[in-house]
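Residues per chain, in single letters:
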Amino acid sequence: MNSQERIQELRKELEKYNYEYHVLDTPSVSDYEYDKRMQELVSLEEEYPELITADSPSQRVGGKPLDAFEKVQHVIPMLSLGNAFNEEDLRDFDKRVQDGIGEQVSYVCELKIDGLAISLRYEDGLFVQGATRGDGTTGEDITVNLRTIRSIPLRMPEGETIEVRGEAFMPHRSFIALNEAKEENGEEPFANPRNAAAGSLRQLDPKIAASRNLDIFLYGVGQWDAGELESHSERLEYLKKLGFKTNPEWRKCATIEEVIAYVQEWTEARNQLNYEIDGIVIKVDHLDQQEELGFTAKGPRWAIAYKFPAEEAITKLTDIELSV
Ligand SMILES: NC(=O)c1cc2c(=O)c3cc(F)ccc3oc2nc1N
C-alpha cells in the first residue's frame, strides 16, 4: 500500500472512531488506538503535505488565531421562538394552531438545549461554513471554532448540499472543569454553561475553543434545495442518518395532552441530564401545516418554547456539582 492509500485508510478509520465516540457515545477502540492512528496520519501528512485536505481528521483545530469574525447573511433567517410559561399558555398555543389548520395537528417535542443557535452549511458533503444566529439575518462566521466540535462531521459520505441548524452547548462536566481552572487562575468563572459556550465559540484562537470540549445537537434544516421530506420528525431521523448528533429525547405527541405530559416528565427529570436545558420546544410535525401557519415578524406560529420556572440558580449549580 502506498502512502496516499495509507492516508485514506487512516482517515476513514479515524472518522469512524470519532463518530462512534462523539456522536454515538459508543467508542469501539481505546484512546490509545485512536491517538496512535492520528499520530501516523499526522506524520504521513507532514511527509506529504500536498496530500492534506481540509476534511482530514488532523485538520480540526486550525492554525493561527483570527483578527475578527466575518459576517454571514442567513439566506433563511434564524428566528426566535415565542414563549409559554404554563399549561394555559400551551393550551392557547394548541387552540391557535388547531383553529389555524382546521383539522387535527400532531406535534414533536424536543428538549430546549440551553446553548447558542448555530447554522452549519455543507456543500457536496463538505463542511464549508458555520455561523451564529446573530440578529437572525446576520451572524458571525465561526467555522474555525465549530470545526473543533468533534461531533460535527467535517464531511458527510452522502455528499449532501444542505444547511442544518442546532444548538451548541457546554456539557456540565466541561463547565465544572473550566470554572475550576478559571478559579485556580484567579479568573472570573462563567455564570452558566450557556455563557461559557458562547464565550468559547467567540474565541479568536481556535485552540482555545478546542480546549473547551463543546458539543452540539442538530434539530432543524435551513436552506435545502433537495429537501422533500413531509414532517419535522422525518427530518430529525434524516439528520441522524447523515451522521449528525441529534438529541435522543425528542418525541412525537399526537395531542396537547401528550405534550403537557412530556413537559411534566422533563420538568422533573432534567437534573439527570449532563447538559443544561431551559425548557421544551413544541413544533407542529407536518411541514405543510407549518407552511400554512407561517411566521410572525418574530418567529414561527408553528412552534413555541415552554420555559421551565426559574430555579434558584445556586441550588441548580450545586445540584450539577453533586451529580457530576
Ligand atoms: N434550543 C433548542 O434546543 C432549540 C431551539 C430552536 C429554535 O430556536 C427555533 C427557532 C425557530 F425559529 C424555529 C425552530 C426552532 O427550533 C428549535 N429547536 C430546538 N430544539
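Residues numbered from 1 in each chain as written. Predicted model: local features only at pLDDT ≥ 70, side-chain atom pairs only at ≥ 80, totals over all residues. Heavy atoms only, no water.

**Considering the sheet that holds strand S2 (residues 83–84)**
Stage number 1. Here five strands make up an open sheet; going across it, the order is S2-S11-S10-S3-S9 and the pairing mixed. Of all strands in the sheet, those bounded by a partner on one side alone are S2 and strand S9 (251–253).
Stage number 2. Where strand S3 (residues 107–113) lies against strand S10 (residues 277–284), seven bridges are found, and the strand directions are antiparallel. Bridge pairing in S10 links Glu110 to Val281.
Stage number 3. The sheet contacts of helix H8 (residues 232–241) involve S3, S9 and S10, and relative to S3 the element is tilted by about 50°. (Pairing = 2+ DSSP bridges. Helix = DSSP H or I, 4+ residues; strand = E, 2+ residues; numbered from the N terminus. Contact = heavy atoms within 4.5 Å. Axes fitted to C-alpha atoms, helices over the stretch in contact; angles between N-to-C directions.)

**Observations regarding helix H1 (residues 3–22)**
Stage number 1. The end-to-end C-alpha distance of H1 is 28 Å, a good match for the 28 Å that 20 residues give at a rise of 1.5 Å each.
Stage number 2. When H1 is considered as a whole, its buried residues turn out to be Ile7, Leu10, Arg11, Leu14, Tyr17, Asn18 and Glu20.
Stage number 3. Against helix H2 (31–47) lie the buried residues of H1.
Stage number 4. Its side-chain oxygen 2.9 Å from the backbone nitrogen of Gln4, Asn2 forms the N-cap of H1. (Expected span 1.5 Å × (residues − 1). Buried < 20%, exposed > 50% of the residue type's maximum accessible area, 1.4 Å probe, protein only. Polar contact = N/O pair within 3.5 Å; in protein donor to acceptor, adjacent residues only side chain to side chain.)

**Here's the deal with the packing of helix H3 (residues 87–101) against helix H9 (residues 256–269)**
Stage number 1. Between H3 and H9, the least distance of the axes is 10 Å, while the angle of their chain directions is 150°. Between H3 and H9 lies a crossing of right-handed hand. Contact residues: H3 offers Glu87, Leu90, Arg91 and Asp94, while H9 offers Ile256, Glu257, Ile260 and Val263.
Stage number 2. Of the residues assigned to the contact of H3 with H9, the class counts are four nonpolar, no polar and four charged. (Left-handed = near helix turned anticlockwise from the far one by under 90°. Nonpolar A, V, L, I, M, F, W, Y, C, P; charged D, E, K, R; others polar.)

**What about the packing of aromatic side chains?**
Stage number 1. Across all of its chains, the model carries nine aromatic pairs by this definition.
Stage number 2. Ring plane angle 40° and centroid distance 5.9 Å describe the contact between Phe93 and Tyr107, whose orientation is recorded as tilted. Of this pair, Phe93 sits in helix H3 while Tyr107 sits in strand S3, and the two are 14 residues apart along the sequence.
Stage number 3. Phe93 gets classed as buried once you look at its relative accessible area, which sits at 2%.
Stage number 4. Assessed through its relative accessible area of 0%, Tyr107 is described here as buried.
Stage number 5. Measuring from centroid to centroid gives 5.2 Å for Phe217 and Tyr275, while their planes differ by 65°, and the two rings are edge-to-face. Taken together, the residues Phe217 in strand S8 (residues 215–221) and Tyr275 in the loop between H9 and S10 connect sequence positions 58 residues apart. As far as burial versus exposure is concerned, Phe217 and Tyr275 are alike and both buried.
Stage number 6. These aromatic residues form a ring-pair network of at least three members: Tyr122, Phe127 and Phe244. (Phe/Tyr/Trp six-rings, centres within 6.5 Å; stacked < 30°, edge-to-face > 60°.)

Any link to function would need more than the numbers given here.
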